[in-house]
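Reading the structure
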Amino acid sequence: MARILAIDFGEKRTGIAVTDQLQIIASGLTTVATKDLIVFLKEYTSKEPVELFIIGKPTQMNNTDSESEKHIVVFLKLLKKSIPTIPVIRIDERFTSKMAFQTMIDSGLKKKQRRNKGLVDEISATIILQSYLYSKH
């Protein structure tokens, strides 16, 4: 089986998580500067089989799109053009940053480590991917 790759898109940084090849475990992979995201994804998918992209859909409490959705839509068009063979599924990402931060606290990370926004993005991507894996079962 191929991996599933999740993206927590941000205007400056983007968190990335992937499954193992059996699609059982979601793990944080890295954080990439958003301007380099397409290049990173092309390179990664050329080395590793990926069957699906999961991309967070940021929504407000009233279910309307958040401000960052307009940036994600532009990215999605570029992604479809750059890597047309891998389908995309969107997953509600409300509260993932808060959950990621709480995960960092629960795992005993020091305050200085919790300020690492890249780590928050990577953990958020992992939470998005884990949510998708749970929804499949």
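It should be noted that the structure appears before, not after, this text.
Please read all numbers here as calculations on a predicted model, not as lab measurements. (Residues numbered from 1 in each chain as written. Predicted model: local features only at pLDDT ≥ 70, side-chain atom pairs only at ≥ 80, totals over all residues. Heavy atoms only, no water.)

What to know about the overall build of the chain
- Looking only at helices and strands, the chain has 5 helices and 5 strands in total.
- Starting at the N terminus, the α and β elements of the chain follow one another as β-β-β-α-β-α-β-α-α-α.
- Taking all 137 residues of the chain together, 42% fall into the buried category.
- Considering only intrachain contacts with a sequence separation of at least 6, the fraction spanning at least 24 residues in the chain is 61%.
- For the chain, the accessible surface area stands at approximately 8000 Å², while carbon and sulfur atoms represent 57% of it. (Helix = DSSP H or I, 4+ residues; strand = E, 2+ residues; numbered from the N terminus. Buried < 20%, exposed > 50% of the residue type's maximum accessible area, 1.4 Å probe, protein only. Contact = heavy atoms within 4.5 Å. Areas by Shrake-Rupley, 256 points an atom, 1.4 Å probe, with all protein chains shown as cover.)

Here we look at the packing of helix α1 (residues 37–47) against helix α2 (residues 69–82)
- Two elements in contact, α1 and α2, have axes separated by 11 Å at closest approach and are oriented at 35°. The way α1 lies across α2 gives a crossing that is right-handed. Listed contacts from α2 to Leu 37, Ile 38, Leu 41 and Lys 42 of α1 are Phe 75, Leu 78, Leu 79 and Ser 82. (Axes fitted to C-alpha atoms, helices over the stretch in contact; angles between N-to-C directions. Left-handed = near helix turned anticlockwise from the far one by under 90°.)

With respect to the side chain of Arg 3
- Structurally, the position occupied by Arg 3 is in strand β1 (residues 3–8).
- Classification of Arg 3 by relative accessible area gives buried; the value is 17%.
- There is a polar contact of 2.9 Å between the side chain of Arg 3 and the side chain of Glu 48.
- Setting aside anything within four residues of it in sequence, one finds Arg 3 in contact with Thr 19, Asp 20, Gln 21, Gln 23, Tyr 44, Glu 48, Pro 49, Val 50, Glu 51 and Leu 52. (Polar contact = N/O pair within 3.5 Å; in protein donor to acceptor, adjacent residues only side chain to side chain.)

What to know about α2
- The end-to-end C-alpha distance of α2 is 20 Å, a good match for the 20 Å that 14 residues give at a rise of 1.5 Å each.
- Of the residues making up α2, those classed as buried are Glu 69, Ile 72, Phe 75, Leu 76 and Leu 79. Down the axis of α2, the smallest arc covering the buried residues is 110°, so these residues share one side. Facing away from the buried side of α2, by more than 90 degrees, are the exposed residues Lys 70, Val 74, Lys 77 and Lys 81. (Expected span 1.5 Å × (residues − 1). Arc of directions from axis to C-beta.)

Limitation: the analysis is restricted to geometry and does not speak to function.
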